[in-house]
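Coordinates in review
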Amino acid sequence: MASSSVVELSRWQFAITAIFHMTFPALTVGLSLLLAVAYTVYVRTGNPLYLQIFRFWKKIFAVGFGLGVVAGTVMTFEFGLNWGIYAHAVGPVIGVTIGMEVITAFFLEAGFIGIMLYGDGRVKPRTMALASWMVAAGTLLSTTWILSANSWMQDPAGYREVDGQFHVTDWWQVLLNPAFSHRFPHMLLAVLISASWFVGGISAWYLVKRRASALPFARRTLSMALGVLAILMPVQLYVGDATAVFMGGRQPAKLQAFEGNWTTDNNDYNLVVIPDTDQGKNDFRVGIPYLGAAIGHDLTGEAKVPGLLQTPPDERPNMWSAFYGFRAMYFTALAMFAAAFAGLVLRLRGRLFTSPRFLRWLVWMTPAGVIAITGGWITAESGRQPWVVYGKLRTADAVSHLTLTEAALSLTGFALLYATLLTLWIRYIIRTVKAGPEPVTDLRTAQPEGSVV
Amino acid sequence: MSEYLTYALVLLSFGAYVVLDGYDLGVGILSLFDRSERRRREYNELIATAWDANESWIILGGVALWAGLPGAYATVLPGVYPPLIAMLFAVILRGMGLEFQSASGTYRRGWGLLFGLASLAVTLCQGLVIGAVLSGLPQRDGHFTGDALAWLTPYSVLCALGLVCVYLLAGAAWLQDKTEGTAHEWAGRLGRPLLGATLVAALILGFGLEVADPQHFPFEQPLRATLFGLAVAAALVCSAVAWYGFGRRPDWRPFAAVLGAEAAGLLALVAATVPVVVPPSLTLHEASSPQGSQVFLVVGVGLCMPFVLAYNIYAWWVFRGKFREAERQSPTTTAPDDGSAGPFVPPPESRIVVIVRRTLLTLLGILLAAVSQDIFGGESAWVDPLGIALLSGTALVAWILGDRRARRLGEYDLPGGERP
C-alpha cells in the first residue's frame, strides 16, 4: 500500500511528537500534586512559606501544562493524520478509551486550571485548594486512561476482528488488560519520581548557591522530594522488574532485543553492544558474566539470556533502539536509586541540607526522571515493532494514504518547531529558577482575604 | 439510533469548540490591530484564563469522531493533511506565545505578535479544513484515496475567509463584554461591520455549497426543510439581536446573540447534510464504529457531561464581569548571595572510619538495589517484598523524624524570624 519511506517518516514523526509530549506530563503530574499539597498546607496553617512554594512552582507548572496541552492536541489528530488505517481499525477500542480520558480527565484539568492559576483573590483560598486537587486528580486519571489504551496495543484482549476492524466483546478486558496491571503502576511511579527529581534538583541548586532568601523554601521542598524518592525508588525498581518479566513473557522479541543478544549462549548482562541487524550478530559487546542470569531471577547463573535469532526475521524489532532505550532507563534508575539511598543515609545522620557534594549531585539529577521515562517508552514502543497492535496489525499496514512530500514536510516542521519549543522551555525554566521564589515580605502583603492568618 | 447520538456528541463538541475557541481566536486576531501594548497584554490575559478549557472541546470532538465514526476520522484527516498539520503548528505557536507572554511580567512584542498571527493562521486552516470537507473528499471504503492537494478548492478558500469573519465577530462581542474604556468602545464600533461581513460570507458560502458540494440536498423532505428553515430563522433573529446590541448595554447581549447565531448556523448545515458526514457519499451509517463502542462512548461521555458543564460554567462564573488585571505581583528581587548560611565545617573524623563507613554503605546500597529488583524472586517470593517494605518504611520514618528535627532547628523558618 503506502511506500516504505512514508511509513519510516511517519514513524519518526510519531516518535518525535510522542516523546516531546511525554516530557510535559512527566513533570506536570507530580507538580500538580506538589501544588495541591502546598496550597492545602498553606490554607490550613497560614504559613506563607507554603504560599511561596505554591507561587514559585505554579510559574513552571503553568507553562509546562500549556505546552503539554498543545502537544497533546497534536497527538489526538496524528492518529488519523498519519495512521488512518490504524485509526479506522482501532477506533472502536482505543478511540473510546481516549475519548473517556478527554471527558473525565482532560476537561477536569482544563476546567480547573484557570481557577488554580488565576483565581488568587477571586475565589476563597479553600476553593483554590479544591481546584488544585481537581487538577491533580485530572492528571492522575489521564495517566490511567492513556496507559490503558497503550497497554491494549501492547497486549490486546477482549475483542474480535470484523473486516479488519477491532470490535469490543468485553470492556473490562479491554480497559483492565493484562499489560495494564503492570505498566500502569510502573508509569504512575515514574511520573511521581521524575517530578520529585526535578523539584529536588532545583531546590538543591538554591542550597548549593546558598541563596539566603530562598533557603527555607529550598530546604522544605528538598525534604519533600527526597522523602518521596526514598520511599518510591525501591518500589519502582521492583515494579519495573515485574513489568519487564511480564512483558518479556508476552512479547519475547522485545526482551531479546533489549537484552542485546542475538544468540542464546551466554549469561552476561550486556553493557554495550553494536548490533549488526543484517547478519544477525553483534559486532561488539561488553557484558558482565552471570549478572544477566541473576537479573533474570536465576542465582545459579545457569540460565542463558534469550537471543533475538529465536524470533523470525520479519517479526524482529530494532535492537538499537530497544537496547539503548532500556539501558538509558535502567542506568538512570540505578543512579536515582543510589541518590535516593544516599539522601536517606544523610537524613538519618542529620546532614541532608549541608552536604555540598550530595547537593551538587542532586542538581545534576534534575532531568534524571524525564530521561528514564523517555528511555522506557522508546523501549516499550520500538520493542513492539513491527506491530502497532501487537501480533495483529503491522505498523507498515497502518499508515495513511499520503505522499512522501506531505510526510517529509510535516516531519521537518515538527522537528524544527519542537526543537525551538524545547529550547525556549528549558530557557524559561532556567530563568524562572534564577529569578527565584518571591520574597516573603511581598507575599504577606498580597495575601488573599479570608485566609486563616 | 446510536450513530445519531454519536453524531450529536461529535457535533456538540465541535460546535462548543467553534463557539468557545472562536472568540478566543477572534480576540487573538483583533490584538494584531490594537496599537496599545497595555491592551494587547490585556487581550492575552483575557484569554489565558480560559483557553485550555476552550481548546479541550476540539480534542473531545476529534476523539469522539475517532471512537464513534472511525470511517469519517480516517477519511477526513489524511484528506486534509496539509492544512490540518499547519493548524497544529499554529496551535502550538499560539499556545507558546500566549503562555510565555502571560508568564513574563510585561508586554513582549514578539510573543504578542506570535499569539496574534498564530490565531489568524489557526482560523484560516480551520476554514480550509471545513471547506475541504464540505466540497467532498475522494474516498473509498472509509479510506481517503485522493492526492495531496484535494483540500485546495475555491470553496475551501472562501470558507477560510468566512471563518475569519465569524471569529472576529465573536471576538469583538467578547471584548465588548469583558473590557472597559477604549477597547470596549472599539469593540462596539467594530461589531456591526463584522456582523455585516459575516452575513455576506454566510450567504456566499450557503449558495456556493450548492455548486461546490457534489451531493444532492434532498430539501423535498418536509422535516428536513422545516428544520433547516427554523435554524436559518433562528440565526437571523440572533444576528438582529446582535446588531442591535453592539455598542449598547447590557454588554453581554451581543456575545450571547453571536453564540446563538453560530449554533443555529451549524444546526442549519447539519439539517441540510445529514446523514452524509463526508461528502459526497460517506454516510453516518457507513462511518460508524460497532454499536457497543458507540453506546459505551455516548453513555460514558453523557454521564460525565453534566459535571463537565457544571465546572466549566463555574470557571466561567469565577472570571465573570469586566477584566481586571490581577494585583501585580511585584517583580521578584534576587537577594544578594551573601553566603549568610555560612560554610559547613565537618567535625574532624578519622580517615579510616570514613572509608569503612562509605564502603559498607555502598555495599548496603547495592544489596538493597538488588533486593528491590527482586533478585531473590527465583528462590523465594516474600524475601524481596519484605526487604522493600523495610526499606521504604525506614525512609518514611526518617522523613517524618527528619522533618520534625529540621522544624525544631528552624531550618524552615522564614527570614524575619517570626513563626506563624
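Residues numbered from 1 in each chain as written. Chains lettered and ligands numbered in written order. Predicted model: local features only at pLDDT ≥ 70, side-chain atom pairs only at ≥ 80, totals over all residues.

Brief notes about the overall build of chain A
Quick reminder of the rule: Helix and strand labels come from DSSP, where a helix needs a run of H or I of at least four residues and a strand needs a run of E of at least two; each type is numbered from the N terminus. In this treatment the radius of gyration is a C-alpha quantity, and the globule benchmark scales as 2.2 Å times the residue count to the 0.38 power. As a rule, residues whose C-beta atom has 12 or fewer other C-beta atoms within 10 Å are exposed, those with 20 or more are buried, and those in between are partly exposed; C-beta atoms are placed from the backbone. By definition, residues are in contact whenever their C-beta atoms, placed on the basis of the backbone, come within 7 Å of each other.
A tally of helices and strands in chain A yields 14 helices and six strands. Here the C-alpha radius of gyration of chain A, 23 Å, is about what a compact globule of 453 residues would show, namely 22 Å. Counting across all 453 residues of chain A, residues that qualify as buried make up 62%. Excluding contacts between residues fewer than 6 apart, the proportion of contacts in chain A whose partners are at least 24 apart in sequence is 76%.

With respect to the overall build of chain B
Each helix and strand counted, chain B has 14 helices and four strands in total. Projected onto its principal axes, the C-alpha positions of chain B cover 95 × 60 × 40 Å. The buried share of chain B, taken over its 420 residues, is 46%. If you take every contact in chain B between residues at least 6 apart in sequence, the share linking residues at least 24 apart comes to 76%.

A short note on the pairing of strand β4 (residues 281-288) of chain A
Residues and elements named next belong to chain A. For clarity, the cut-off: Strand pairing is assigned whenever DSSP detects at least two bridges linking the two strands.
Here strand β3 (residues 269-276) pairs with β4 via seven bridges, running antiparallel. Bridge pairing in β4 links Asp-276 to Lys-281. Between β3 and β4, which pair antiparallel and follow one another directly, the connecting turn spans four residues, one of which, Gly-280, has a positive phi of 70°.

Regarding the nonpolar core
Going by this rule: We define the nonpolar core as any set of buried residues of the types Ala, Val, Leu, Ile, Met, Phe, Trp, Tyr and Cys, connected via C-beta atoms lying within 7 Å of each other.
Residues Tyr-86, Met-336 and Ala-340 of chain A together with Leu-84 and Leu-169 of chain B are the most contacted members of the largest nonpolar core, which totals 287 residues. Not counting residues up to four positions away in its chain, the partners in contact with Leu-169 of chain B are Gly-26, Leu-194, Leu-195, Thr-198 and Val-258 of chain B.

Observations concerning the domain arrangement of chain B
Spelled out, the test is: Domain ranges listed in this record stem from an automatic or a database domain assignment.
Taken domain by domain, chain B holds domain 1 (2-318) and domain 2 (352-408). Spacing between the C-alpha centres of domain 1 of chain B and domain 2 of chain B amounts to 56 Å.

A closer look at the environment of Glu-438 of chain A
Residue and element names in this part refer to chain A. Relative to the helices and strands, Glu-438 is located in the loop between α13 (404-435) and α14 (440-445). In this structure Glu-438 comes out as buried when scored by C-beta crowding, with 22 C-beta atoms within 10 Å. Separated by 224 residues in sequence, Glu-438 and Ala-214 have C-alpha atoms that sit 8.7 Å apart.

Notes on the interface of chain A and chain B
Rules: Under the scheme applied, nonpolar residues are Ala, Val, Leu, Ile, Met, Phe, Trp, Tyr, Cys and Pro; charged residues are Asp, Glu, Lys and Arg; polar residues are all the others, including Gly.
Contact residues are listed per partner, giving 107 residues for chain A and 97 residues for chain B. Mapped by element, the contributors of at least two residues to the side of chain A that touches chain B are α2 (48-81), α3 (84-118), β2 (165-168), α7 (215-250), α9 (291-295), α10 (319-348), α13 and α14 of chain A. Ranked by residues supplied to the side of chain A that touches chain B, first place goes to α3 of chain A with 23 residues. In terms of residue class, the side of chain A that touches chain B is made up of 62 nonpolar, 31 polar and 14 charged.

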